[in-house]
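Fold and contact review
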Amino acid sequence: MSNSEIYLDFSPFFQLYKEGRINRSPLQEVPPSLDPKEDVRSKDVVYSPEANLSSRLYLPKHALPGHKLPLLVSFPGGGFCVGGPFIPVQHNYQNTVAKAANVVIVNVHYRLAPEHPFPAAYDDCWTALEWVASHADGNGPEEWLNSYADFDKVFFAGESAGGNIAYNMGRRYSLEKLVGINLKGIALVHAYFWGKDPIGKEPCKDMKTKEKLDKLWPFLFPTTSGLDDPLINPVADPNLASLGCSRVLIFVAEEDVFTVTGRLYYEELRKSSWGGTVEIVESQGEGHCFHLEDYDSENSKAMLGKLVSFLNHQDSPSITAYSSSLFFFVFLRSLNFKKSRV
């Protein structure tokens, strides 16, 4: 194989070449704005001048200074190779979450592989968290965080690769902490977890995708210890029970290739000595990150409702399957929930 030949083809999103370069499909980016449907303001703020990296912040329009709201730090997905906080599906969904949950959101932009091999993405996201923590005493550089964010109610979340990052930021938080931040919980949405060996008796539903994913991680992280590196396989982490929060919410989708690893992580965390509360929500008949494209389906609305409950401390008994909820469907209908468009 010559260096100019495709090594991994994840069309229509990207193709990786043996020589290390990537061909990405063009993605539209949208500016921050006041979303008239959701009544949410957004703006971009630099958190790392050295790397020229920004986060997009979201604030409900009618938030009152001094009335603190939970703070959600979100990490967008994209296979560690594409995407970011500025594309329409991300922007629209964060507007929706900010309105429905009445939270402040920081959606983090991080450097992408393979141009920036791991651990660059993890390092960027930790730098973003350090920047967020610098506002805990009310004297940071960004007024929205100083005036509106409750640093005693901080949550991490992410979908796909962003779910992997959210988990690893929680893992690092348990070891290093961040002065002024109280991490209450982590929401993992179709998280990119993997492993060397088949899991349980259930075969991977998409063997071609499995073969690609087996190759992708070591390609993006040349110094990794392999597919059982705790960064990609949390079940292999000897410090599994040391996660730095008391609540975890795991979303999986029945037709997603990451469902089996998500279930396994749920089971192992639940059985560990961690001592927190973990819940798993399974969307029947759905695929990977379906909620970003189909906002109006009952499963998407139920998923959003569950996240809203999680962010607002409305604890409920642990469940192992969750495809729809009449309560949350009625709740979201009362908000006149409609798909945002840019």
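Computed from a prediction, not measured in an experiment: that's the story for all the values here. (Residues numbered from 1 in each chain as written. Predicted model: local features only at pLDDT ≥ 70, side-chain atom pairs only at ≥ 80, totals over all residues. Heavy atoms only, no water.)

**Some details on helix 1 (residues 88-101)**
Heads up, the condition is: Elements are defined by DSSP. Helices are runs of H or I of four residues or more, strands are runs of E of two residues or more, and each kind is numbered from the N terminus. The span you would expect from a helix comes to 1.5 Å times its residue count less one. Note on classification: 1.4 Å probe, protein chains only; a residue is buried when its accessible area is under 20% of the maximum for its type, exposed when over 50%, partly exposed between these limits.
Under the 1.5 Å per step criterion, the end-to-end length of helix 1 is 20 Å for 14 residues, consistent within 8% with the ideal 20 Å. Summarising burial for helix 1: 11 of the 14 residues are buried, a large majority. Along helix 1, the positions that sit buried rather than exposed are Gln-90, His-91, Asn-92, Tyr-93, Gln-94, Asn-95, Thr-96, Val-97, Ala-98, Ala-100 and Ala-101. At the exit of helix 1 stands Asn-102, carrying a positive phi of roughly 55 degrees.

**Structural notes on the packing of aromatic side chains**
Keep this limit in mind: Aromatic pairs are defined between Phe, Tyr and Trp rings, using the six-membered ring for Trp, whenever the two ring centres lie within 6.5 Å; interplanar angles under 30 degrees are classed as stacked, those over 60 as edge-to-face, and all others as tilted.
As enumerated under the stated definition, the model contains 17 aromatic pairs in all. With a centroid separation of 6.1 Å and 80 degrees between ring planes, the pair formed by Phe-75 and Phe-156 is classed as edge-to-face. On the criterion of sequence distance, the pair formed by Phe-75 in strand 7 (residues 69-75) and Phe-156 in strand 9 (residues 149-159) is long-range, its members being 81 residues apart. In this structure Phe-156 comes out as buried when scored by relative accessible area, which is 0%. Cluster of aromatic residues (ring-pair linked, three or more members): Phe-80, Phe-118, Tyr-122, Tyr-192, Trp-194, Trp-217, Phe-221 and Phe-258.

**Some words on the sheet that holds strand 5 (residues 40-48)**
Adjacent strands of a sheet form backbone hydrogen bonds with each other and so pair up, either parallel or antiparallel. This is how the line gets drawn: Strands were regarded as paired on the criterion that DSSP finds at least two bridges between them. Residues are treated as being in contact if the distance between any of their heavy atoms lies within 4.5 Å. Only the stretch in contact is used when fitting a helix axis, every axis being a line fitted to C-alpha atoms; angles between N-to-C directions are given from 0 to 180 degrees.
The sheet built from 9 strands is open, its strands ordered 4-5-6-8-7-9-10-11-12 with mixed pairing. Of all the strands in the sheet, just strand 4 (34-35) and strand 12 (277-283) have a single pairing partner and so form its edges. Relative to strand 11 (residues 247-253), strand 10 (residues 183-189) runs parallel, the two sharing 5 bridges. What sits directly across from Leu-188, in strand 11, is Ile-250. Here helix 1 sits on the sheet in contact with strand 4, strand 5, strand 6 (53-60), strand 7, strand 8 (104-108) and strand 9, set at roughly 40 degrees to strand 6. Helix 6 (residues 259-271) contacts strand 10, strand 11 and strand 12 of the sheet and is inclined by roughly 160 degrees relative to strand 12.

**Remarks on unusual backbone geometry**
With an omega of 5 degrees, the peptide bond between Ala-113 and Pro-114 qualifies as cis. One can find Pro-114 in the loop between strand 8 and helix 2 (120-133). The omega torsion of the bond from Phe-118 to Pro-119 falls at 15 degrees, within 30 degrees of zero and hence cis. Summarising the element assignment, Pro-119 is placed in the loop between strand 8 and helix 2. A positive phi angle, near 55 degrees, is found at Asn-52, a position not held by glycine. Residue placement: Asn-52 occurs in the loop between strand 5 and strand 6. The exposed category is assigned to Asn-52, whose relative accessible area is 61%. Here Lys-177, not a glycine, exhibits a phi torsion of approximately 60 degrees, which is positive. Mapped onto the secondary structure, Lys-177 falls in the loop between helix 4 (161-176) and strand 10.

**Digging into the pairing of strand 12**
Definition in use: Clockwise travel from the first strand over the helix to the second, with the strands pointing away from the viewer, marks a crossover as right-handed.
With 6 of 7 residues buried, strand 12 is to be regarded as a mostly interior element. Strand direction decides the pairing type here: strand 11 and strand 12, joined by 7 bridges, are parallel. Residue pairing for strand 12: Ile-250 is matched across the bridge by Ile-280. The β-α-β motif built from strand 11, the intervening helix 6 and the parallel element strand 12 has right-handed crossover chirality.

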